[in-house]
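Now for the letters of each chain:
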Amino acid sequence: MKQNISTLYIITGGPGAGKTTLLHELSRHELVTVPEEGRRIIKEQINSGGEGLPWLNKELFAEMMFEESVKTYLRISQTTSAEPVFFDRGILDTLGYMKLENIPVPESMEVKAREMIYHNNVFILPPWKDIYENDPERKQTFEKSMLTFECMNEIYQEYGYNIIEVPKISVENRARFILDRLI
């Protein structure tokens, strides 16, 4: 039996908006969370001396991120559970990234993105300068974070998802905001 797509939730937004911290908070409520593929890929590429990095080879990075996001979606969607699952970014985030970076999106990726469905409500975290910081995997400027937010907002709407903006409040209250809106 497959996971019901009505329990697969996306948390998206630009870099440094608090997604990972929010997912850690949701996991404290004993909820299933799925970490972002992009950050893992960046760490692996740095450690192996690979070129699949957004500051070296954006196209390769996007391909790797899409492939890993699809694998993760398939793995999670094959589990049997009625409990919600929260993804730190979804498959469409890669397409949004590609559009942001002016990388042509192959039709095969668009088709696959339409086949792999999440809950219709997507939670998006707006740019928040007070909490934004760079680290070895996050080299984007705050301005790029704002552009990414807009791009993610657009791509999810383009694919028919309902965007719910999570307010800039404490992480505990952000988690409560999301949990209060689960359907």
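Provided above is the structure to which this section pertains.
First, a word on scope: everything that follows refers to the structure included in this document. (Residues numbered from 1 in each chain as written. Predicted model: local features only at pLDDT ≥ 70, side-chain atom pairs only at ≥ 80, totals over all residues. Heavy atoms only, no water.)

1. A closer look at the overall build of the protein
Convention followed: Only DSSP runs of H or I reaching four residues or more are called helices, and only runs of E reaching two or more are called strands; each is numbered from the N terminus. We compute the radius of gyration from the C-alpha atoms alone; for a globule the expected value is 2.2 Å times N to the 0.38, where N is the number of residues. Burial status follows relative accessibility: with a 1.4 Å probe on protein chains alone, a residue under 20% of its type maximum counts as buried, one over 50% as exposed, and anything between as partly exposed. Only heavy atoms matter for contacts: two residues are in contact if any of them lie within 4.5 Å across the pair. In these tables, accessible area is a Shrake-Rupley quantity obtained with a 1.4 Å probe, and a residue counts as shielded only by the protein chains included in the view. When charges are counted, Lys and Arg are positive and Asp and Glu negative, with His and the chain ends excluded. For charged residues, the charge sits on one atom: NZ in Lys, CZ in Arg, CG in Asp, CD in Glu.
Helices and strands together make up the secondary structure of the protein, namely seven helices and five strands. In the protein, the succession of α and β elements from N to C terminus is β-α-β-α-α-β-α-α-β-α-β-α. For 183 residues, the compact-globule estimate of 2.2 N^0.38 gives 16 Å, and the protein sits close to it at 15 Å. Taking the principal axes of its C-alpha atoms as reference, the protein extends roughly 40 × 40 × 30 Å. A burial count over the protein gives 51% of its 183 residues as buried. Put simply, of all contacts in the protein between residues at least 6 apart along the chain, 76% involve residues at least 24 apart. Here the protein has roughly 9,300 Å² of accessible surface; of this, 51% comes from carbon and sulfur atoms. Distance from the positive charge centre (21 side chains) to the negative charge centre (28 side chains) of the protein: 2 Å.

2. Side note on the environment of Lys112
Topologically, Lys112 is positioned in helix α5 (residues 107–115). Considering only alpha carbons, one finds Lys112 and Ile91, 21 residues apart in sequence, at a separation of 8.9 Å. Aside from chain neighbours lying at most four places away, what touches Lys112 is Phe66 and Val70.

3. A few points about the pattern of salt bridges
Operational definition: Salt bridges are defined as contacts in which a side-chain nitrogen from Lys or Arg sits within 4 Å of a carboxyl oxygen from Asp or Glu.
Under the defined criterion, the tally for this structure stands at twelve salt bridges. In this structure, the salt-bridge partner of Glu37 is Arg40, at a minimum N-O distance of 2.6 Å. Remark: Arg40 and Glu37 occur in helix α2 (residues 37–48); sequence separation between them is three residues, near one turn of the helix. Owing to a relative accessible area of 31%, Arg40 belongs among the partly exposed residues under this scheme. A salt bridge links Glu101 to Lys58; the nearest nitrogen and oxygen atoms lie 3.7 Å apart.

4. Structural notes on the packing of aromatic side chains
Note on aromatic pairs: each is described by the distance of the centres and the angle between the planes. We apply this condition: Between 30 and 60 degrees the pair is tilted, below 30 it is stacked and above 60 it is edge-to-face, where a pair is any two Phe, Tyr or Trp rings, Trp via its six-membered ring, whose centres lie within 6.5 Å.
Evaluated as defined, the whole model comprises six aromatic pairs. Summarising the aromatic geometry, the rings of Phe61 and Tyr97 are spaced 5.6 Å apart at their centres and angled 85° between planes, so their arrangement reads as edge-to-face. Within this pair, whereas Phe61 is found in helix α3 (residues 58–77), its partner Tyr97 is found in helix α4 (residues 91–100), the two being separated by 36 residues in sequence. Side by side, Phe61 and Tyr97 carry an identical accessibility label, which is buried.

5. A closer look at the layout of surface pockets
Which entries qualify depends on this criterion: For cavity detection a 1 Å grid was placed over the protein atoms alone, and a set of points counts as a cavity when a 1.4 Å probe fits there but cannot get out; an open set counts as a pocket when protein lies on both sides within 12 Å along at least five of seven lines, with lining residues being those that have an atom within 4 Å of a point. Grid points are joined across faces, edges and corners, and a volume is the space filled by probe spheres set on the points. Charged means Asp, Glu, Lys or Arg here, nonpolar means Ala, Val, Leu, Ile, Met, Phe, Trp, Tyr, Cys or Pro, and polar covers whatever is left, Gly included.
Considered as a void within the structure, the second largest pocket measures approximately 190 Å³ in volume. Thr20, Leu23, His24, Thr33, Val34, Pro35, Glu36, Glu37, Arg39, Arg40 and Asp88 are the residues that line the second largest pocket. Mapped onto the lining of the second largest pocket, the elements with two or more residues apiece are α1 (19–28), β2 (32–34) and α2. Tallied by class, residues from the lining of the second largest pocket come to three nonpolar, three polar and five charged.

6. Quick look at the pairing of strand β3 (residues 85–88)
When a strand is regular, its side chains alternate between the sheet's two faces. Formally: Strand pairing is assigned whenever DSSP identifies at least 2 bridges connecting the two strands.
What you see with β3 is no split at all: Val85 and Phe87 on one side and Phe86 and Asp88 on the other are buried throughout. Of the strand pairs in this sheet, strand β1 (residues 8–13) and β3 are connected by four bridges, and their pairing is parallel. Counted as the bridge partner of Ile10 is Phe87 from β3.

7. Section: α4
When you tally the buried positions in α4, you get nine out of ten residues, the bulk of the element. Regarding α4, the residues found buried are Ile91, Leu92, Asp93, Thr94, Leu95, Gly96, Tyr97, Met98 and Leu100. Next to the buried residues of α4 lie β1, α3, α5 and α6 (142–158). Looking at the residues trailing α4, positive phi occurs at Asn102, about 55°.

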